[in-house]
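Coordinates in review
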Amino acid sequence: MGQPGGHELKMKQQVELASKAVSNLGLNGQKAQVILMLDCSGSMQSRYNDGSVQTLAERALALAMVFDDDQQVPVIAFDSRTIVCTPATPDTIQGYVSREIERKHQLGGGTNYANAMNAAFKQWNSSGEVGLIIAVTDGNADDRRAAEQLIRELSSKPVFWQWLGVGNESFDLLRSLDSLPNRKVDNAGFFQVRSPSELDYSGLLNEFPKYLVAARQAGVL
């Protein structure tokens, strides 16, 4: 049997790093379905060009390979549109973002969260595993009220929204979700970085352990 190729070795290393982070957070044995939401509005172009969105997709897949037996990540791309992409797998992850998003769908448009959130939620298989939706954006939503209402409505479901704000936007909507009223449980976290590739696995799992505890106490899990 031959030696693994460069991208296979890279993914193996990423899975090892993800596994270490999961262990350090006391989440060994935790099952979760990881789903990725990627902003593909025109203002994100530089993050696609420099490979940082691809790096983030690889890290989401590595987490999925630790948390979930199906070894794939459903991917939703969004701007003012919502695009259900082919899932990312170990066999397809090399060049995934360029091939499945940039080449197939021209980046552009505004930034709407709610329809993409609905599409991401529909990817959750409700098989008893908690959903971990990693949502990446560089701008506040044009449909703020709809996004807030959806977060409220889905707070009774075992699905956690880890929002990643990229760049220097204020992200007042995403920051407000931690204190959003009328929810069964706090089901959203927020983390801000200059570039998606700066976020390590501990950052991607930023508030997930706290959510799991709260969701169990609230009877959501």
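Above this note sits the structure.
Along each chain, residues carry numbers from 1 onward, in the same order as the chain's sequence is written. Totals for whole chains, interfaces and linings use every residue, but because this is a predicted model, local features are given only for residues with pLDDT of at least 70 and side-chain atom pairs only at 80 or more, for both listing and counting. Derived side-chain values reflect all non-hydrogen atoms in the structure, with water molecules and hydrogen atoms excluded from consideration.

A word on helix α1 (residues 6-24)
The condition that has to hold: Runs of H or I in DSSP of at least four residues are treated as helices and runs of E of at least two as strands, each being numbered from the N terminus. In a helix, the anticipated span is given by 1.5 Å times the number of residues less one. Exposure classes here rest on a 1.4 Å probe applied to the protein chains alone. A residue is buried below 20% of its type maximum, exposed above 50%, and partly exposed in between. The arc in question is formed by the directions pointing from the helix axis toward the C-beta atoms. Residues count as neighbours in contact if any of their non-hydrogen atoms are within 4.5 Å of one another.
For α1, which comprises 19 residues, the first-to-last C-alpha distance of 27 Å matches the rise-based estimate of 27 Å (1.5 Å per residue) to within 8%. Those residues of α1 not exposed but buried are M11, Q14, V15, A18, A21 and V22. Buried residues of α1, viewed axially, fall in a sector of 125°; they line one side. Residues of α1 that are exposed and point more than 90 degrees away from the buried face comprise G6, K12, K20 and N24. In this structure, the buried residues of α1 make contact with α3 (52-67) and α8 (201-204). Where α1 ends, the next residue or the one after it, G26, has phi of about 75°, a positive value.

Considerations on the sheet that holds strand β6 (residues 188-193)
This is how it is decided: By definition, two strands form a pair when at least two bridges between them are found by DSSP. Here the axes come from fitting lines to C-alpha atoms, over the contacting stretch only for helices, and the angles between their N-to-C directions go from 0 to 180 degrees.
Pairing within the open sheet is mixed, and its 6 strands lie in the order β3-β2-β1-β4-β5-β6. What marks the edges here is a single partner per strand, and that holds for β3 (82-84) and β6. Recorded for the sheet is a direction-independent mean angle of 20° between the axes of neighbouring strands. Here strand β1 (residues 32-39) runs beside strand β4 (residues 130-137); their pairing, made up of 7 bridges, is parallel. Residue L38 lies in a different strand from β4, and its bridge partner there is V136. Across the face of the sheet, helix α9 (residues 208-217) comes into contact with β1, β4 and β5 (159-166) while running at roughly 140° to β4.

Some words on the packing of aromatic side chains
Applicable threshold: In this scheme Phe, Tyr and Trp rings, the latter by its six-membered ring, pair at centre separations within 6.5 Å, and the angle between planes marks the pair as stacked below 30 degrees, edge-to-face above 60, and tilted otherwise.
What the rule picks out here adds up to 8 aromatic pairs. Centre to centre, the rings of Y113 and W163 are 4.9 Å apart; their planes meet at 35°, and the pair counts as tilted. Of this pair, Y113 sits in the loop between α4 (96-102) and α5 (114-123) while W163 sits in strand β5, and the two are 50 residues apart along the sequence. Assigned by exposure class, Y113 and W163 land together as buried. Put simply, the rings of F67, F160, F208 and Y211 touch in pairs and so form one group of aromatic residues.

Some points on the pattern of salt bridges
Let me state the cut-off plainly: The term salt bridge refers to a side-chain nitrogen of Lys or Arg lying within 4 Å of a carboxyl oxygen of Asp or Glu.
Tallying each qualifying case throughout the model produces 10 salt bridges. The closest approach of N and O atoms between R99 and E100, which form a salt bridge, is 3.2 Å. Overall, the relative accessible area of 28% leaves R99 in the partly exposed class. Here the salt bridges do not stand alone but share partners, grouping R99, E100 and K104 into one network.

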